[in-house]
Amino acid sequence: MEIDIKPTLYIVATPIGNMEDITLRALRILKEVDYVLCEDTRTTQNLLNKYEIKTKTMSYHAHSTDGKESVILNLLKAGKNLALVSDAGTPCISDPGVMLVSHVKEEFGDDVNVVPVPGPSALITALSASGVSSAEFVFLGFLPHKKGRETLFKEISHSKRVVVFYESTHRIMKTLTSLKEHAPNFKVVIGRELTKQFEQFVEGTPDEILQYFTINDDKQRGEFVVIVEPK
Ligand code: SAM
């Protein structure tokens, strides 16, 4: 039995596509806690249903109010054990939860345990099969849409380190175009739809990948991790 005398907030990683990518420990904890705090309760309910977990869910997401946070803090105060999950991967990694964890630590100090339950994360998943050295890398999360975007591409073009970031369907072509402009000779590896049916790694210069996605425009859809390796 892992649950401590002290109330505990578990930060539980869940699959990024393939529903089998969840640890035995994560499943046990999701079963044992009093509530699962979900980015989207419907998404998490699918996972819980698959593993016949009956724990009650409660929503906690990027737009949750202070009121919702107080409810959660009060549950911990009342001795309840909670698990925080996001829609996919590791909570707090380009996902909601950081403020909650920070406030729980501030409010309760050592009286509440905050315990990570590790598992999938898209950036590590992509790096692991990319063939690019991950001895040292910089993770940028999502790139800014407007302010600071051009400056960031300039910085990437001067980077001596591997750079990894997340990208969406809407911006992948724009991003590749910027990489072509700023870092035309760098090697880029794109991990697309990782662990899902149409998982794919595409590698080449920014221009080669742009051409590939232009010819195969169905491949512009999905979720992407972009890995940029300096020359
Ligand atoms: N917390 C998550 C994690 O640990 O990976 C990341 C959440 S972030 C909101 C979502 C982004 O992660 C997507 O836009 C995409 O860039 C990346 N991502 C998530 N799942 C992915 C997958 N199966 N394949 C490729 N990229 C993925």
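In this report, the structure presented in the accompanying data block is examined. Numbering of residues starts from 1 in each chain and follows the order in which that chain's sequence is written. Per-residue local features of the predicted model are confined to residues with pLDDT of at least 70, and side-chain atom pairs are confined, for both listing and counting, to 80 or more; whole-chain, interface and lining totals are unaffected and use all residues. The side-chain values count all of the structure's non-hydrogen atoms but skip hydrogen atoms and water molecules.

### Observations concerning the packing of helix H6 (residues 149-158) against helix H7 (residues 172-182)
- Running from amino to carboxyl end, H6 crosses H7 at an angle of 50 degrees, the nearest separation of the two axes being 9 Å. In terms of axis orientation, H6 runs oblique to H7. Two packed elements cross with a definite hand, and for H6 against H7 that hand is right-handed. Within the contact between the two elements, H6 uses Arg149, Glu150, Phe153, Lys154, Ile156 and Ser157 and H7 uses Lys174, Thr175, Ser178, Leu179, Glu181 and His182.
- Per-class residue counts for the contact of H6 with H7 are three nonpolar, four polar and five charged. To get an axis, a line is fitted to the C-alpha atoms, and for a helix only the part in contact is used. The angle between two axes follows their N-to-C directions and goes from 0 to 180 degrees. Helix numbering and strand numbering both begin at the N terminus, where a helix is a DSSP run of H or I of at least 4 residues and a strand a DSSP run of E of at least 2. Oblique is the label for any angle not under 35 degrees, not over 145, and not in the 65 to 115 range, which are roughly parallel, roughly antiparallel and roughly perpendicular in turn. Helix crossings are classified by the rotation of the near helix relative to the far one: an anticlockwise turn of less than a right angle makes the crossing left-handed, while a clockwise turn makes it right-handed. It only takes one pair of heavy atoms within 4.5 Å for two residues to be counted as in contact. Residue polarity is assigned by list, with Asp, Glu, Lys and Arg as charged and Ala, Val, Leu, Ile, Met, Phe, Trp, Tyr, Cys and Pro as nonpolar; anything else, Gly included, falls into the polar class.

### Section: the sheet that holds strand S8 (residues 187-192)
- Two strands are counted as paired when DSSP detects at least two bridges linking them. Spatial ordering of the open sheet is given by S6-S7-S10-S8-S9, a layout of five strands whose pairing is mixed. The sheet is open, and its two borders are formed by strand S6 (137-142) and strand S9 (200-204), each paired with just one other strand. On average, adjacent strands in this sheet sit at an angle of 15 degrees to one another, irrespective of strand direction.
- In terms of strand pairing, S8 meets strand S10 (residues 223-229) through six bridges, oriented antiparallel. Paired with Arg192 across the two strands is Phe224, which belongs to S10.
- Sheet strands in contact with H7 are strand S7 (162-168), S8 and S10, and its direction is about 150 degrees off that of S7.
- Relative to the sheet, helix H8 (residues 206-215) contacts S8, S9 and S10, its axis offset from that of S9 by approximately 135 degrees.

### Looking at the nonpolar core
- Within this scheme, the nonpolar core is defined by two criteria: the residues are buried Ala, Val, Leu, Ile, Met, Phe, Trp, Tyr or Cys, and they are joined through side-chain atoms within 4.5 Å. Using a 1.4 Å probe on the protein chains alone, a residue whose accessible area is under 20% of its type maximum counts as buried, one over 50% counts as exposed, and one in between counts as partly exposed. Core analysis: the biggest nonpolar cluster contains 20 residues, and Phe165, Leu176, Leu179, Ile190, Phe213, Val226 and Val228 have the highest contact counts within it.
- Going through the elements one at a time, H6, S7, H7, S8, H8 and S10 are the ones with two or more residues in this core.

### A few points about the packing of helix H3 (residues 66-77) against helix H4 (residues 98-108)
- At a minimum axis separation of 11 Å, H3 and H4 run at an interaxial angle of 45 degrees. In this view, H3 runs oblique relative to H4, as classed from their interaxial angle. For the pair H3 and H4, the sense of crossing is right-handed. For the pair formed by H3 and H4, the contact residues are Glu69, Ile72, Leu73, Leu76 and Lys77 on the first element and Leu100, His103, Val104, Glu107 and Phe108 on the second.
- Residues belonging to the contact of H3 with H4 are distributed by class as follows: six nonpolar, one polar and three charged.

### Some words on the environment of Lys219
- Within the element layout of this structure, Lys219 appears in the loop between H8 and S10.
- Of the residues examined, Lys219 reaches a relative accessible area of 21% and is grouped as partly exposed.
- Between the C-alpha atom of Lys219 and that of Thr169, which follows or precedes it by 50 residues, the distance is 9.2 Å.
- Setting aside anything within four residues of it in sequence, one finds Lys219 in contact with Arg192, Gln200, Tyr212, Phe213 and Phe224.

### Remarks on unusual backbone geometry
- Phi angles above zero are rare outside glycine, and Cys92 is one such case at about 75 degrees.
- You can see Cys92 is positioned in the loop between strand S4 (82-85) and H4.
- Among the residues examined, Cys92 registers a relative accessible area of 22% and is labelled partly exposed.
- Of note, the phi angle at Ser94 is positive, near 50 degrees, even though the residue is not glycine.
- Exposure remark for Ser94: the relative accessible area of 32% places this residue in the partly exposed category.

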